[in-house]
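# Residue-level structure breakdown
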Amino acid sequence: DNGDRDLEALVGNLRLSTTGPRYDHGSAALLIPVVARISGAVDQLYIAEGAAETVLSTKIATPFLSRLAGLGLALIAVHREDVDMAREQYVSLSIAVRAKIFLNIVGDRVLGLLARTMGDLDQATAHFEDALAFCRMARFQPEHAWACYDYADTLLHSPKSLGRTVGDRSNVNSLLDEALAISGELGMRPLTERVRVLQELATRQLGPEPAYPDGLTKREVEVLRLIATGLSNREIGTELVLSTRTVERHITNIYGKISARGRADATAYALGHQVLRDNPNL
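Just so we're clear, the structure is a prediction, and the values are computed from it rather than from any experiment.

This part covers helix α7 (residues 121-138). Compared with the 26 Å implied by 1.5 Å per residue over 18 residues, the 25 Å span of α7 between its first and last C-alpha is a close match. For α7, the set of buried residues is L121, A124, H127, F128, A131, L132, F134 and C135. Projection of α7 onto a plane perpendicular to its axis shows the buried side chains occupying an angular sector of 165°, all on one side. Away from the buried face of α7 by more than 90 degrees, exposed residues D122 and M137 are located. Remark: R139 follows α7 within two positions and exhibits a positive phi of approximately 55°.

In this section: the environment of P142. Tracing the chain through its elements places P142 in helix α8 (residues 141-157). Along the chain, P142 and N104 lie 38 residues apart, while their C-alpha atoms are 8.7 Å from each other. Leaving out residues up to four positions away in the same chain, P142 has contacts with L186 and M188.

One can find I101 in strand β1 (residues 101-102). When its relative accessible area of 38% is taken as the criterion, I101 is described as partly exposed.

It is worth spelling out helix α3 (residues 45-56) at this point. The terminal C-alpha atoms of α3, which comprises 12 residues, lie 16 Å apart, in line with the 16 Å expected from a rise of 1.5 Å per residue. On its buried face, α3 sits against α1 (2-16), α2 (23-39), α4 (63-80) and α5 (83-93).

What counts as what
- Residues numbered from 1 in each chain as written.
- Predicted model: local features only at pLDDT ≥ 70, side-chain atom pairs only at ≥ 80, totals over all residues.
- Heavy atoms only, no water.
- Helix = DSSP H or I, 4+ residues; strand = E, 2+ residues; numbered from the N terminus.
- Expected span 1.5 Å × (residues − 1).
- Buried < 20%, exposed > 50% of the residue type's maximum accessible area, 1.4 Å probe, protein only.
- Arc of directions from axis to C-beta.
- Contact = heavy atoms within 4.5 Å.

Next up, the structure:
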């Protein structure tokens, strides 16, 4: 409800802007498609498209406003699955937005979505990898979660995706586990719901994830192994490129599943169940 009110206020401000291009035009051009991607509500995309055109049709727009407008049109192309529009925006943005944050979205993730829309899985994969590396470096958790989701979604839905090998299954499951952990920690409920739906699809398409004791996930096993080697939460986060809070959340889940009261119990469990090995005996 608060989000709807904020979006309506943004659109209202835009309508009051009789001259342009202004920051209101650039922000609306990008934020409306961003919200649409989260909520699925696309009824205001035409407003974003008009705002973007206002910015791009003049020579006095700043480079920053032009980037906002271009990113907005890029997301609109993704929404519409418009290959020609996606290709046009990809060419325009491919160099200018890499390793940068615009308002609340990472340019590399948008490029990945554009490449996916164009049907170029290899290029999409490279951009999503860049987006994840950037988000981990910057500790930008919301975009980190969305990049994991978009990457996994691309692998599962692309006709060119390998998606059938053990390595691909592990990659998809790891991405979704990471997205679920972050979205749960931050209360990103729309994303959490999408991740759970995609996890069900992944199970149907790729088969179940290799089983670990007591329902532990692959990521939880990775954390448990590092606990058993004596690393602190901060050191585990550095090793796995996770925030300390995300590590703590994993540890809480692990303790609940294996009935551990602390690190000593967890270490004993890891040794007793051979979790320190790549393929634990169940």
